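# What the coordinates show
Each chain is listed here by its residues.
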Amino acid sequence: MKLAVFAFSRQGLTTARACAAALACGQDAVRLFAPQRLSGGGWEPLEPPLASFCGPVFRWADAMVFVGACGIAVRAVAPHLQDKQSDPAVLSVDELARFVIPLLSGHIGGANALAEKLAAALGAAAAVTTATDINGRFSVDAWAAENGLFIDDIKAAKAVSAAILEGTVPLASDFPITGRLPSGIAVGDTGPVGICVSWKRKRPFSRTLLLVPPVVRLGIGCRRGTEAAAIAALVDEVLEQSGIHPAAVKAVATIELKKDEPGLLSFCRERDWPLEWYSAPALQAVPGIFASSDFVRGVTGVDNVCERAAAVHGGQLTVKKAAGHGVTVAAAVGYWEVRFG
């Protein structure tokens, strides 16, 4: 987590240090900010106006804690707000550490959870105001964020939350469900509004909140010198025809020979997909039945690159070798569970 903590008085410095100590752990990056007269000793100087200064910090941080009046925090971040799925968690703490108030991104950004953690550490009260939390109902967007699920439609998430406050919402899943279902959720696949957890582009309900886990590994092979556009064209065709949601892709895998292939590297950077590569012996050792090519074996040392690379960590090979324009693509879906409790 990238954490930014702001203080505006000497008393605030003490509370801000306590906030940073309570929230930061391991490899977290922490930045501390204070007015010029209070800076130094690890505190970066604030340059007025505060709202302008906070712009780059807002884009950098995963969470921002303002020790001072709520109004200071609100005015500092207001010009930079984008949406629930990208804004950082923003919290306000009074300088005497009596109250912790999550102001922004309570669920997806984790501000509510951070407020509870911070309040426990400071001996303060967490002033959580989101409706599902105060009514003890299931918060679907918070759960999705905690489990690394992509929220396909944030407006559908709002509709689900509203429905949960009024009754029970059905949950459809392509994956096993473990644990006790939370209040407001029942297994089902019909209804006016519901939740679907899937790696596919599915809409089983009249209003579907599609939650997508990163469970698909794409195996890609290509000729030397293949451009990124050619790779993208075949990948997009495969995803469309197979119904795979792009957000379900967790990584691209290939043979070690292609780890420095410019077109493949460029394609993965554009999609923000990690690129993994494996030796020919490692791919050849992958268990399963795969298409075999003596030509490919002669060039790479393995009879099939894309299918074996897709299945290198197991999972179900759901898309067998597709080829075109010097590119081959396959896809495998790994095991995943919908976990509660």
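The structure we're discussing is the one just above.
Residues numbered from 1 in each chain as written. Predicted model: local features only at pLDDT ≥ 70, side-chain atom pairs only at ≥ 80, totals over all residues. Heavy atoms only, no water.

## Side note on the sheet that holds strand 18 (residues 327-333)
Neighbouring strands of a sheet are bound in pairs by backbone hydrogen bonds; such pairs are parallel or else antiparallel. Here 5 strands make up an open sheet; going across it, the order is 16-15-14-18-17 and the pairing mixed. Among the strands making up the open sheet, the edge pair consists of strand 16 (275-278) and strand 17 (316-324). Pairs of neighbouring strands in the sheet enclose a mean axial angle of 25°, with direction left out of account. Pairing analysis gives 4 bridges linking strand 14 (residues 216-222) to strand 15 (residues 249-255), with the strands arranged parallel. Each residue of the ladder has a partner; that of Gly 219, found in strand 15, is Ala 253. Across the sheet, helix 9 (residues 262-271) touches strand 14, strand 15 and strand 16, and the angle it forms with strand 15 is around 175°. (Pairing = 2+ DSSP bridges. Helix = DSSP H or I, 4+ residues; strand = E, 2+ residues; numbered from the N terminus. Axes fitted to C-alpha atoms, helices over the stretch in contact; angles between N-to-C directions. Contact = heavy atoms within 4.5 Å.)

## Observations concerning the side chain of Ser 105
Along the chain, the position of Ser 105 falls in the loop between strand 6 (99-104) and helix 4 (111-122). Discounting chain neighbours no more than four positions away, the residues touching Ser 105 are Lys 84, Asp 87, Pro 88, Ala 89, Gly 110 and Ala 111.

## A short note on the side chain of Thr 132
With respect to the element layout, Thr 132 can be found in helix 5 (residues 131-134). Non-local contacts of Thr 132, meaning those with residues more than four positions away in its chain, are made with His 107, Arg 137, Phe 138, Ser 139, Ser 161 and Leu 165.

## A short note on helix 3 (residues 70-77)
Taken as a whole, helix 3 has its buried residues at Ala 73, Ala 76 and Val 77. Buried residues of helix 3, seen end-on, are gathered within an arc of 80° and therefore sit on one face of the element. Here the buried face of helix 3 lies against helix 2 (50-60), strand 4 (63-67), strand 5 (89-93) and strand 6. (Buried < 20%, exposed > 50% of the residue type's maximum accessible area, 1.4 Å probe, protein only. Arc of directions from axis to C-beta.)

## As for the packing of aromatic side chains
On inspection of all chains with the given rule, the structure shows 8 aromatic pairs. Considering the side-chain rings of Phe 6 and Phe 66, the 4.5 Å spacing of their centres and the 5° angle between planes classify their relative orientation as stacked. Taken together, the residues Phe 6 in strand 1 (residues 2-7) and Phe 66 in strand 4 connect sequence positions 60 residues apart. Exposure remark for Phe 66: the relative accessible area of 0% places this residue in the buried category. Taken together, a centroid distance of 5.8 Å and an interplanar angle of 75° make the contact between Phe 267 and Trp 273 edge-to-face. Note on accessibility: Phe 267 and Trp 273 belong to one class, buried. Aromatic rings pair up to connect Phe 6, Phe 33, Phe 53 and Phe 66 into one cluster. (Phe/Tyr/Trp six-rings, centres within 6.5 Å; stacked < 30°, edge-to-face > 60°.)

## Considerations on the sheet that holds strand 8 (residues 150-151)
An order of 8-13-12-9-11 is seen for the 5 strands of this open sheet, with the pairing classed as mixed. Each edge of the open sheet carries a strand with a single partner, namely strand 8 and strand 11 (185-187). Where strand 8 and strand 13 (residues 207-212) come together, 2 bridges link them in antiparallel fashion. Opposite Phe 150, over in strand 13, you have Val 212 as the bridge partner. Docked against the sheet, helix 7 (residues 154-166) engages strand 8, strand 9 (169-173), strand 11, strand 12 (193-197) and strand 13, running at close to 115° with respect to strand 13.

## Overview of the state of the cysteines
As enumerated under the stated definition, the model contains 0 disulfides in all. The thiol of Cys 25 is not disulfide-bonded; the next cysteine sulfur, from Cys 19, is found 15 Å away. Of the residues examined, Cys 25 reaches a relative accessible area of 48% and is grouped as partly exposed. (Disulfide = S-S within 2.5 Å.)

## Things to note about the nonpolar core
Within the largest apolar cluster, 56 residues are counted, with the highest numbers of intra-cluster contacts made by Ile 195, Leu 211 and Phe 267. The leading source of residues in this core is helix 8 (residues 228-242), at 7 residues. Discounting chain neighbours no more than four positions away, the residues touching Phe 267 are Ile 220, Ala 228, Ile 231, Ala 232, Val 235, Val 252 and Trp 273. Among the nonpolar cores identified, the runner-up in size contains 28 residues, and Val 5, Leu 23, Leu 91 and Ala 119 belong to it. (Core = buried A, V, L, I, M, F, W, Y, C linked by side-chain atoms within 4.5 Å.)

## Looking at the packing of helix 2 against helix 3
When two helices pack together, their arrangement is given by the angle between their axes and by how far apart the axes lie. Following both chains from N to C, one finds helix 2 and helix 3 inclined at 70°, their axes separated by 7 Å at the closest point. Accordingly, the angle class assigned to the pair helix 2 and helix 3 is roughly perpendicular. Seen from above, helix 2 lies across helix 3 with right-handed handedness. Residues Leu 50, Ala 51, Cys 54 and Phe 58 of helix 2 touch helix 3, and the partners they reach there are Ile 72, Arg 75, Ala 76 and Val 77. (Parallel < 35°, antiparallel > 145°, perpendicular 65-115°, else oblique. Left-handed = near helix turned anticlockwise from the far one by under 90°.)

## Brief notes about the pairing of strand 16
Pairing geometry for strand 15 and strand 16, over 4 bridges, is parallel. Among the inter-strand pairings, Ile 255 is bridged to a residue of strand 16, identified as Tyr 278. Crossover strand 15 to strand 16 through helix 9 is right-handed. (Right-handed = clockwise from strand over helix to strand, strands pointing away.)

## A look at the pattern of salt bridges
This model, assessed by the stated rule, comprises 14 salt bridges. Asp 141 serves as the salt-bridge partner of Lys 84, at 3.3 Å between the closest nitrogen and oxygen. Of this pair, Lys 84 sits in the loop between helix 3 and strand 5 while Asp 141 sits in helix 6 (residues 140-146), and the two are 57 residues apart along the sequence. Its relative accessible area of 4% is what places Asp 141 among the buried residues. As a salt-bridge pair, Arg 98 and Asp 94 come within 3.8 Å of each other at their nearest N and O atoms. (Salt bridge = Lys/Arg side-chain N within 4 Å of Asp/Glu carboxyl O.)

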